[in-house]
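Geometric and topological summary
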Amino acid sequence: RTRRPSPLSTAQANAAVANRQPSVVSPLGVPHAGGSTPTSSTAQPPARRMSKAARDILLEEYKHNPNPDAATIARLAKQCRESQRRVKVFFLNRRAKEPSRARAPPSKRVRTFDPATKEFLLAEYEKDPKPSTAKLKEIAAQVNEEFTRVRAFFNNRRFLDPTVKCSSRRQMSRDARPILERAFLEDARPSTGRVKELAKQVGETPARVRTWFSNRRTKQKRLEANS
């Protein structure tokens, strides 16, 4: 039977490793074993804490202004004899620690209408599901609410109401199409004056005529790509 070699001791193993590694000469000419040049200091210096007087000044400013601008940060840095970066980091950390600045759950963020206001809005919706902008502003003034909230209420009710149908797209008249087609063959991108002239000629709004030319250019590109 083959006999296993006895394990090396710790001292013998370290000596073997040291003998295998090449020595590196430092810039000072002193050889060092281990294949690397030793550094002057590997430990990081401890972080310098802000003085109590500076912290009191910044905390007092934070009570009145949690998010100061660049000018205020520069003034506080000069007053506390600290760098602007340290002052900025101080305010950033304080805002992160503030529990009241945490994002509230959705159920607490959404503000609902009170029962009386909601009943009034539902009654107005039954009269006219699609009121004009002037009517919406009048309703918002009556219930003492923001115009955007009242408009969103009507939009959401129409979206959930299956009886309300969206208005169908109105087609361009048959008499207007040949006129616009001839104008498209002459100039696919008419000017604003030309669009107004064509709109007056076919009895349409300039916006509809401009949209027709845009759609016609898209159709022309598709036809050219398929041919």
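Further up the page is the structure itself.
None of the values given here were measured: they were computed from a predicted structure.

About the criteria used
One numbering rule holds for all chains: residues counted from 1, following each sequence as written. With the structure being a predicted model, the display of local features is reserved for residues of pLDDT at least 70 and the display and counting of side-chain atom pairs for 80 or more, all residues being used for whole-chain, interface and lining totals. Water and hydrogen atoms were dropped before computing side-chain values, which therefore reflect all heavy atoms in the structure. Inter-axis angles, ranging from 0 to 180 degrees, are taken between N-to-C directions of lines fitted to C-alpha atoms, where helices are fitted over the stretch in contact. Note on conventions: DSSP H or I runs of at least 4 residues are helices, E runs of at least 2 residues are strands, and numbering of each starts at the N terminus. With respect to orientation, any angle under 35 degrees is reported as roughly parallel, any angle over 145 as roughly antiparallel, any angle of 65 to 115 as roughly perpendicular, and every other angle as oblique. What makes two residues a contact is simply this: any of their non-hydrogen atoms within 4.5 Å. Residue type decides the class: Asp, Glu, Lys and Arg count as charged, Ala, Val, Leu, Ile, Met, Phe, Trp, Tyr, Cys and Pro as nonpolar, and the leftover types, Gly among them, as polar. In these notes, a set of buried Ala, Val, Leu, Ile, Met, Phe, Trp, Tyr and Cys residues joined through side-chain atoms within 4.5 Å is what counts as a nonpolar core. For every residue, the accessible area (1.4 Å probe, protein chains only) is compared with the maximum for its type, and the residue is labelled buried under 20%, exposed over 50%, or partly exposed between those bounds. Counting of polar contacts relies on pairs of N or O atoms within 3.5 Å, with two restrictions inside protein: one atom must be capable of donating a hydrogen and the other of accepting it, and residues adjacent in sequence are counted only when both atoms are side-chain atoms. As used here, the arc belongs to the directions running from the helix axis to the C-beta atoms. What counts as a salt bridge is simple: a side-chain nitrogen of Lys or Arg found within 4 Å of a carboxyl oxygen of Asp or Glu. In this scheme, a crossing is called left-handed if the near helix is turned counterclockwise away from the far one by less than a right angle; it is called right-handed if the turn is clockwise.

Details of the packing of helix α10 (residues 192-202) against helix α11 (residues 206-226)
Between α10 and α11, whose axes approach to 8 Å, the crossing angle comes to 110°. When the axes of α10 and α11 are compared, the pair comes out roughly perpendicular. Of α11, the residues touching α10 (which contributes V195, K196, L198, A199 and V202) are P206, V209, R210 and F213. Class assignment of the residues belonging to the contact of α10 with α11 gives a composition of seven nonpolar, no polar and two charged.

Thoughts on the nonpolar core
By size, the foremost hydrophobic cluster in this structure holds 13 residues, and its most contacted members are M172, L180, L198, V202, V209, W212 and F213. Counting residues in each nonpolar core, the second largest holds eleven residues, with A54, Y62, I73 and F90 among its members.

Here we look at the side chain of T117
The topology assignment puts T117 in helix α6 (residues 115-127). Residue class for T117 comes out buried when judged on its relative accessible area of 8%. Among the polar contacts made by the side chain of T117, one reaches the side chain of D114 at a distance of 2.8 Å. Once residues lying within four places of it in the same chain are set aside, the contact partners of T117 are V143 and E145.

Looking at helix α9 (residues 176-186)
Inspection of α9 places A176, I179, L180, A183 and F184 among the buried residues, and these make up the whole buried set. The buried residues of α9 occupy one face: seen down the axis, they fall within an arc of 135°. Projecting away from the buried face of α9 at angles above 90 degrees are the exposed residues R182 and L185. Tucked into the core, α9 has its buried residues touching α10 and α11.

Describing the pattern of salt bridges
Following the criterion strictly, the structure yields ten salt bridges and no others. Among the salt bridges present, the one from R216 reaches E181, with a minimum N-O distance of 3.1 Å. Of this pair, R216 sits in helix α11 while E181 sits in helix α9; the two residues are 35 residues apart in sequence, bridging distant segments of the chain. Between R194 and E197 there is a salt bridge, with the nearest N and O atoms lying 3.3 Å from each other. You can see R194 and its partner E197 sitting in helix α10, three residues apart, about one turn around the helix.

Concerning the packing of helix α2 (residues 52-64) against helix α4 (residues 84-97)
Interhelical geometry of α2 versus α4 gives an angle of 55° and a closest axis separation of 11 Å. In terms of their interaxial angle, α2 and α4 are classed as oblique. When the axes of α2 and α4 are compared, the crossing they make is right-handed. Where α2 approaches α4, its residues R55, L58, L59, E61 and Y62 are matched on the opposing element by V87, F90, F91, R94 and R95.

What is shown is where atoms sit, not what they do.
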